[in-house]
Amino acid sequence: MKKKTRKIIVGEKEYIYVLNQKYNEKSSNITLKVSIKGLKKLTLTFFFCTWDDPNTGSPLLHKNN
């Protein structure tokens, strides 16, 4: 997964976020960093650790149809 800054608008506020994924042995570590646009030093960070399957990938990044 490429590191890419994305934006989302909630109400009248604009936020930027970055979603990163790293693999370890049979686990997937996902980091979500969110900040208000213009206040990059003030960041809220979430860290998720879950299993990773070689065929289906991480359950947090898998879309069900």
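Scroll up for the structure.
In this text, all values refer to a predicted model and were calculated from it rather than measured experimentally.

1. Side note on the pairing of strand β4 (residues 43-51)
- Across 9 bridges, the pairing between strand β3 (residues 27-36) and β4 is antiparallel. When the sheet's bridge partners are listed, Val 34 is paired in β4 with Leu 44.
- Linkage of β3 to β4, two consecutive antiparallel strands, is achieved through a turn of 6 residues, within which Gly 38 is found at a positive phi near 95°.

2. Things to note about the environment of Lys 33
- Looking at where Lys 33 falls in the secondary structure, it is placed in strand β3.
- Residue classification places Lys 33 among the partly exposed positions, given a relative accessible area of 40%.
- As for Lys 33 and Thr 43, which are separated by 10 residues in sequence, their C-alpha atoms are 6.3 Å apart.

3. Side note on the sheet that holds β4
- An order of β1-β2-β3-β4 is seen for the 4 strands of this open sheet, with the pairing classed as antiparallel. Each edge of the sheet is formed by a strand with only one pairing partner; in this case those strands are β1 (5-10) and β4. Between one strand axis and the next, the sheet turns through 25° on average, direction left out of account.
- With 6 bridges connecting them, β1 and strand β2 (residues 13-24) associate as antiparallel partners. When the bridges of β2 are listed, Arg 6 appears paired with Tyr 17.

4. Concerning the pattern of salt bridges
- The tally for this structure, following the rule as stated, stands at 2 salt bridges.
- Notably, a salt bridge pairs Lys 7 with Glu 14, separated by 3.9 Å at the nearest N-O pair.
- Between Glu 14 and Lys 37 there is a salt bridge; the shortest N-O distance is 3.6 Å. Note that Glu 14 is positioned in strand β2 and Lys 37 in the loop between β3 and β4, a separation of 23 residues in sequence.
- Accessibility expressed as a relative area gives 23% for Glu 14, which makes it partly exposed.
- On the basis of relative accessibility, which here comes to 52%, the residue Lys 37 falls in the exposed class.
- Connected through shared salt-bridge partners, Lys 7, Glu 14 and Lys 37 make up one network.

Rules behind the numbers
Residues numbered from 1 in each chain as written. Predicted model: local features only at pLDDT ≥ 70, side-chain atom pairs only at ≥ 80, totals over all residues. Heavy atoms only, no water. Pairing = 2+ DSSP bridges. Helix = DSSP H or I, 4+ residues; strand = E, 2+ residues; numbered from the N terminus. Buried < 20%, exposed > 50% of the residue type's maximum accessible area, 1.4 Å probe, protein only. Axes fitted to C-alpha atoms, helices over the stretch in contact; angles between N-to-C directions. Salt bridge = Lys/Arg side-chain N within 4 Å of Asp/Glu carboxyl O.

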